[in-house]
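Coordinates in review
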Protein chains: 2
Amino acid sequence: MREISISGGLKFMIDAMATAGFPEDDAQQIADVIMDSELRGHADHGFFFFQSVLRWPKAIGMNVTPDVNVVDESLVSIKVDGDNGCGVIGFNLATNRAIEKAAETGMSAGVVSNAQNVIALAPFVQRAADNGFIALASSGFRFPVMPPFGGLEGAFGTNPMAFAAPAGEYPPFLLDMSTSGMAGAKVMEARDRGETLPRGLLEDLDGNSVTNPAQFKIGETLLLPMAGVKGYGLAMMVDVLSTVLTGTDWGHFIWILDPVMFMERAAFKERMDDEIRRIKSVKRKPGVDEIAYAGERGQRRMAKYVGLGRVPVADASWSALEQVADTTGVVLPV
Amino acid sequence: MREISISGGLKFMIDAMATAGFPEDDAQQIADVIMDSELRGHADHGFFFFQSVLRWPKAIGMNVTPDVNVVDESLVSIKVDGDNGCGVIGFNLATNRAIEKAAETGMSAGVVSNAQNVIALAPFVQRAADNGFIALASSGFRFPVMPPFGGLEGAFGTNPMAFAAPAGEYPPFLLDMSTSGMAGAKVMEARDRGETLPRGLLEDLDGNSVTNPAQFKIGETLLLPMAGVKGYGLAMMVDVLSTVLTGTDWGHFIWILDPVMFMERAAFKERMDDEIRRIKSVKRKPGVDEIAYAGERGQRRMAKYVGLGRVPVADASWSALEQVADTTGVVLPV
């Protein structure tokens, strides 16, 4: 597989975003999130996804030069206005300040209103866990992608949520998932690979199951919540925290808790290690080499490639970068 | 369908628990949670479940006279030791104190260590929502019911989680779900009704799908997490909050947030009503009279029967109460 330097990949994205009007500091923050996904092995939100970022300013009216500000705060809370920019910018500010507040009080919540796509929640909850905290994050979008249970029209985006907690010897537990049966970007990836979807993920507007991912199109098909009525409930929970609580149609939320309120920090990390060992020690299905936990493989992969300074690029992702190079004139990374 | 008075049903349970050694105040708290489930229409955790409560002292060594105490607290946190009693007792204390703390600071978390079954999380998050707060609760049990993804042995209980947020004209949004594909009590209910389970919920210890609910037995079959690897992640999230953070094998967690930190209370409730109306207004599948949201039907049902002072009892639940009457000598309610 093709491989490029991480620094070259980041520079390519920042230069390409400059052609769309993104200031360098904002472009750096956005490129970091894309690279974070690529390094974890989530290609669907990595380089493959980057072309979407460049389309956002025209396609969905994203403000490329947002004036992101703290509009309200208390001892334990912070509210940021994202000024209709990429959610990454506002959510970085909210997360960083919420981490500072949790370090002082033991707990905090940060919200971002009027901010578009955060791309992935993993790096935000990872940062909290790397600082020793437990974090729950969510990103809600009132967009007609997912129907409520019993509905034939969309009411929610794929409304992802993430949760992280630090361990000792092991990498943090880090769950990052859409509340849909399959993330939208994964459906697009399946489409580009010419794959067929299992039934129960996608429906047409008459409620018939759709297995051809090429038919995934807002207003023509609906991505279903995971696990039926439970996933619908989780999608609405994300909406309550992310859009209702922010007073906006697209918003983001993070809740941070310092485990030291309940036990010594070292004891908590040891208990997390014990929990992980306990789970890994169960008898395995044939062909399963090791029981993994959420976020483990992604973090191990990231550590490996960060150490090498280079990251592999799948063919579909490379094609996507080639298209970006064609349209922007920025030279491809090596 | 048979119908009994709510006060008679409560008195029956309290008297029956007295024969097992439960003090009246503790029995009242436990009976309230059972009745809460019955009134919501969750018969699996209502009267049908009550016989389990009476078996706990002998079957799982539950302490019927626990000395429940606050062992640690801060401005935003409270830790309760449940003294190996029914989780309801410790979780009521933790929830009530966490609500008081959230009212002062805007946010709080409460945990209960060394406490057994809480029966249902709904009444605890409901209390927070009825006080104007958003709440997330979880109950974790390191019990070999659910395997991790790829495993052939159990590592988790059905590890439920619940979330509630208040609205204005509408009842609170209230999601209460196990992280298994089906709650254990629902499998037992299906068994007693002689029903067959869909595939993908239960497996034998070789990983073969099991559809006969009579085969559900700890150590012989495994209840699978909801939605594959996502449900496994949620089950472990519940475990982190409920057992890792409490330093115990069976513990409970609640996190409370006052929306007033981010907007006026009335504005939040209005936005919740708007969210609910928005969801209810989508085009419906044939045969769907109304789009419901999590907790809506249960709360409407509860309000109706509380108003009447009486509650219907399904045949299977009545048989369960008859058995209790037989073994305890307590006269059945009318």
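Everything quoted here is computed from the prediction, not taken from an experiment.

1. Topic: the interface of chain A and chain B
Listed by partner, the interface residues are 77 residues for chain A and 77 residues for chain B. The contact between chain A and chain B buries some 6,300 Å² in all, and 72% of this surface belongs to carbon and sulfur atoms. Taken as a group, Lys-230, Trp-255 and Phe-262 of chain A account for 12% of the area that chain A buries against chain B, more than any other trio of residues on that side. Linking chain A with chain B are six salt bridges, by the criterion used here. For Arg-142 of chain B, the salt bridge is made with Glu-275 of chain A, and the minimal N-O distance between the two is 2.9 Å. The interface formed by chain A and chain B includes 26 residue pairs in polar contact (both at pLDDT 80 or more). Sorting the residues of the side of chain A that touches chain B by element identifies β3 (77–85), β4 (107–115), β5 (134–141), β6 (161–165), β7 (173–177), α7 (229–244), β11 (250–257) and α8 (265–280) of chain A as the ones contributing at least two each. When its residues are assigned to classes, the side of chain A that touches chain B shows 47 nonpolar, 17 polar and 13 charged.

2. Section: the pattern of salt bridges
The tally for this structure, following the rule as stated, stands at 44 salt bridges over all chains. Between Arg-300 of chain A and Glu-296 of chain A there is a salt bridge, with the nearest N and O atoms lying 3.2 Å from each other. Here Arg-300 of chain A and its partner Glu-296 of chain A are both found in helix α9 (residues 296–308), four residues apart, which amounts to about one turn of the helix. The salt bridge partner of Arg-310 of chain B is Glu-3 of chain B, with a shortest N-O separation of 3.3 Å. Within this pair, whereas Arg-310 of chain B is found in strand β12 (residues 310–313), its partner Glu-3 of chain B is found in strand β1 (residues 2–5), the two being separated by 307 residues in sequence. Judged by relative accessible area, Arg-310 of chain B falls into the partly exposed class, the value being 31%. According to the relative accessible area criterion, Glu-3 of chain B is partly exposed, its value standing at 37%. Each of Arg-142, Asp-239 and Asp-249 of chain A together with Glu-275 and Arg-278 of chain B takes part in a single network of salt bridges with overlapping partners.

3. With respect to the packing of α8 of chain A against helix α7 (residues 229–244) of chain B
Close contact between α8 of chain A and α7 of chain B brings their axes to 11 Å; oriented N to C, the two are set at 140°. Taken together, the axes of α8 of chain A and α7 of chain B are oblique relative to one another. Considering how the two elements wind past one another, α8 of chain A and α7 of chain B form a crossing that is right-handed. Of α7 of chain B, the residues touching α8 of chain A (which contributes Phe-268, Arg-271, Met-272, Glu-275, Ile-276, Arg-278 and Ile-279 of chain A) are Tyr-232, Met-236, Asp-239, Val-240, Thr-243 and Val-244 of chain B. Across the contact of α8 of chain A with α7 of chain B, the residue classes break down as eight nonpolar, one polar and four charged.

4. As for the packing of helix α1 (residues 6–19) of chain B against helix α2 (residues 24–40) of chain B
All names here are of chain B. Where α1 contacts α2, the axes come no closer than 9 Å and their chain directions differ by 135°. Here α2 runs oblique to α1, going by the angle between their axes. For the element pair α1 and α2, the recorded crossing hand is right-handed. Contacts from Ile-6, Gly-9, Leu-10, Met-13, Ile-14 and Met-17 of α1 reach α2 at Glu-24, Ala-27, Gln-28, Ile-30, Ala-31, Asp-32, Ile-34, Met-35 and Leu-39.

About the thresholds
- Residues numbered from 1 in each chain as written.
- Chains lettered and ligands numbered in written order.
- Predicted model: local features only at pLDDT ≥ 70, side-chain atom pairs only at ≥ 80, totals over all residues.
- Heavy atoms only, no water.
- Contact = heavy atoms within 4.5 Å.
- Buried area = accessible area lost by both parts, 1.4 Å probe.
- Salt bridge = Lys/Arg side-chain N within 4 Å of Asp/Glu carboxyl O.
- Polar contact = N/O pair within 3.5 Å; in protein donor to acceptor, adjacent residues only side chain to side chain.
- Helix = DSSP H or I, 4+ residues; strand = E, 2+ residues; numbered from the N terminus.
- Nonpolar A, V, L, I, M, F, W, Y, C, P; charged D, E, K, R; others polar.
- Buried < 20%, exposed > 50% of the residue type's maximum accessible area, 1.4 Å probe, protein only.
- Axes fitted to C-alpha atoms, helices over the stretch in contact; angles between N-to-C directions.
- Parallel < 35°, antiparallel > 145°, perpendicular 65-115°, else oblique.
- Left-handed = near helix turned anticlockwise from the far one by under 90°.

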